[in-house]
There are 2 protein chains.
Amino acid sequence: MSKVRVAAFSISLDGYGAGPDQSLQDPLGRGGEEVHNWMFPTRTFQALYGRGEGTTGVDDDFAARSFEKLGAWIMGRNMFGPVRGDWPDDSWKGWWGDNPPYHVPVFVLTHHPRQSIEMEGGTTFHFVAGGIEAALERAREAAGEGDIRIGGGVSVIRQYLQARLIDELHLAVSPVLLGRGESLFQGIDLRELGYRVVEQVPGVAATHMILSRA
Amino acid sequence: MSKVRVAAFSISLDGYGAGPDQSLQDPLGRGGEEVHNWMFPTRTFQALYGRGEGTTGVDDDFAARSFEKLGAWIMGRNMFGPVRGDWPDDSWKGWWGDNPPYHVPVFVLTHHPRQSIEMEGGTTFHFVAGGIEAALERAREAAGEGDIRIGGGVSVIRQYLQARLIDELHLAVSPVLLGRGESLFQGIDLRELGYRVVEQVPGVAATHMILSRA
């Protein structure tokens, strides 16, 4: 059955998915890149960019699993790019070049409508101005039997969590302190929302936690 | 050299050291006991209460290490007991019976002065009304070459962190969601205060993280 899931989502020990002071030069905020250190060396990540071998093992298994059986993605506008407000033109097509690593329809949450963009390799970016439930509905139609991955950022995941629309989360807890930034947990009672940790698997550079709705 | 340290301090995945709705019946709050599940079965913990064998391995190693080389403890009044306000009499002597598992001087932070209590086995409870720095000064005198362990609860640890008085923390991150309660991290920028994660060790029922001031 098709699942709505968060996968390979990295957070710091103190619960931040991105650091403070985000900018075009530093889209993940101060220290924000460090929480992804477990993923960068993996074979799965290296292969996305056509690079060499990469590491195998637990961390790579989780990185690989995060892309399996996906039928659609949903992401926030800040994950798609740095443009704020009205789109000045159609030139911004994401951070990922002509052939983005999605290869399925990607629904971008925005308050500013825009024409869909067909990229190479099967990725199409659709812009949804109707809110998180409208985006999920369109993603479900597009995904068929495939899973829907809620990519991020933190605020998008929090909105879907609060609406109890996420079936499963794989969080990678990195041995890093960010101190400030976008907290995944602050002000959200995941226990009350029905989530439990169902699996804990140590990796080399992160601890993998699987959360599921009871 | 004598260190000021937090050790075997359990937190949930979402960063809480205790759950909400604490009471005399439920001193750790809703779900708060679950974050300690890694420690209960260990040989070290079982031995404290004169029980049988217990488990060995990484979790037990960390539990054992948390008691090594200690010269004094500091704890908040809520960790010492449920009495609030003025002490009605001298009958409350902690949660731990006649022979508490400390065996060194223990400095209890309180706004309400009280005579020291000498217990069996080397534990003496001293009550310090002068604040965290006064308590640390007295603990240093008492500890000599031994380490000073800041036992908790969360608010006491936060005060010492913000004053940059803690040299090392061992946190045990449990695969548990508490949702609400006393957050160790919320509103404290540990990175800015100079702390870094220097070691990450997977246990069976928790992930052990060692933090140290750079």
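Heads up: the structure comes first, above all this text.
Model, not experiment: these values are computed from the prediction. (Residues numbered from 1 in each chain as written. Chains lettered and ligands numbered in written order. Predicted model: local features only at pLDDT ≥ 70, side-chain atom pairs only at ≥ 80, totals over all residues.)

In this structure, what is going on with the sheet that holds strand 10 (residues 195-202) of chain A? I would like to understand it.
Either a parallel or an antiparallel arrangement is found when strands of a sheet pair, and the pairing is made through backbone hydrogen bonds. Residue and element names in this part refer to chain A. In space, the nine strands of this open sheet follow the order 5-6-4-3-7-1-8-11-10, with mixed pairing throughout. Sheet topology places strand 5 (117-118) and strand 10 at the edges, where each strand pairs with a single neighbour. In this structure, strand 4 (residues 105-109) lies alongside strand 6 (residues 124-128), joined through five bridges in parallel fashion. Residue pairing across strands places Phe107 opposite His126, the latter belonging to strand 6. Across the face of the sheet, helix 4 (residues 132-143) comes into contact with strand 1 (4-12), strand 3 (70-76), strand 4, strand 6 and strand 7 (147-152) while running at roughly 160° to strand 3. Each of strand 1, strand 3, strand 4 and strand 7 is contacted by helix 5 (residues 154-162), which is oriented at about 130° to strand 7, the strand it contacts most. (Pairing = 2+ DSSP bridges. Helix = DSSP H or I, 4+ residues; strand = E, 2+ residues; numbered from the N terminus. Contact = placed C-beta atoms within 7 Å. Axes fitted to C-alpha atoms, helices over the stretch in contact; angles between N-to-C directions.)

I tried to follow helix 5 (residues 154-162) of chain B on my own but got confused; where do I start?
For an α-helix, the turn length of 3.6 residues means that residues three or four places apart are oriented alike. Residue and element names in this part refer to chain B. Of all the residues in helix 5, the buried ones are Val154, Val156, Ile157, Tyr160 and Leu161. The arc that holds every buried residue of helix 5, seen down its axis, measures 165°, which confines them to one face. Arg164 occupies a position one or two residues after helix 5 and carries a positive phi of about 55°. (Buried ≥ 20, exposed ≤ 12 C-beta atoms within 10 Å, placed from the backbone. Arc of directions from axis to C-beta.)

Before we go on, may I ask you to explain the relation of the copies chain B and chain A in this structure?
Mapping one chain copy onto the other needs a rotation about an axis and a shift along that axis. Mapping chain B onto chain A calls for a screw motion: a turn of 180° about the axis and a shift of 0.0 Å along it, with 0.0 Å RMSD after fitting. Interpreted geometrically, this transformation is the action of a two-fold axis. Nearest to the rotation axis, the C-alpha of B:Pro202 is located 3.0 Å from it, this being the minimum over chain B. In this assembly the copies share their binding face: 100% of the residues contributing to the interface of chain B also contribute to that of chain A. (Least-squares fit on C-alpha atoms with pLDDT ≥ 70 in both.)

Can you help me understand the nonpolar core in this one?
The nonpolar side chains of soluble globular proteins are, as a tendency, buried together. Residues A:Ile74, A:Phe107, A:Val108, B:Phe9, B:Ile74 and B:Ile157 are the most contacted members of the largest nonpolar core, which totals 115 residues. With sequence-adjacent residues up to four places away left out, B:Ile157 is seen in contact with B:Val6, B:Phe9, B:Ile150, B:Gly152 and B:Leu184. (Core = buried A, V, L, I, M, F, W, Y, C linked by C-beta atoms within 7 Å.)

Looking at this model, I keep getting lost on the interface of chain B and chain A. Mind explaining?
Where interface size is given, it is often the accessible area lost as the parts come together that is meant. Taken together, the contact pairs 24 residues of chain B with 24 residues of chain A. With five residues, strand 10 (residues 195-202) of chain B is the single largest residue contributor to the side of chain B that touches chain A.

Any chance you could explain the pairing of strand 4 of chain A here in plain terms?
Along any regular strand, the residues point their side chains to alternate faces of the sheet. Residues and elements named next belong to chain A. For strand 4, the buried fraction is high: five of the five residues fall into the buried class. Burial along strand 4 is two-sided: Pro105, Phe107 and Leu109 facing one way and Val106 and Val108 facing the other are all buried. With four bridges joining them, strand 3 and strand 4 adopt parallel strand pairing. Among the inter-strand pairings, Trp73 is bridged to a residue of strand 4, identified as Val106.

So what exactly am I meant to see when it comes to the pairing of strand 7 of chain A here?
Residue and element names in this part refer to chain A. By the criterion of burial, strand 7 is predominantly enclosed, with six of the six residues buried. Where strand 1 meets strand 7, two bridges bridge the pair, whose relative direction is parallel. In the strand pairing of strand 7, Arg5 is matched with Arg149. Bridging between strand 3 and strand 7 involves five bridges; their strand directions are parallel. The partner of Ile74 across the bridge, within strand 7, is Ile150.

What should I look at first to understand unusual backbone geometry in this one?
Negative phi characterises most residues that are not glycine, and trans characterises most peptide bonds. In this structure, the amide linkage connecting A:Gly152 to the following residue, A:Gly153, adopts the cis form with an omega of 0°. When you line up the elements, A:Gly153 lands in the loop between strand 7 and helix 5. Not every positive phi belongs to a glycine, and B:Ala8 is a case in point at roughly 50°. By the element assignment, B:Ala8 lies in strand 1 (residues 4-12).

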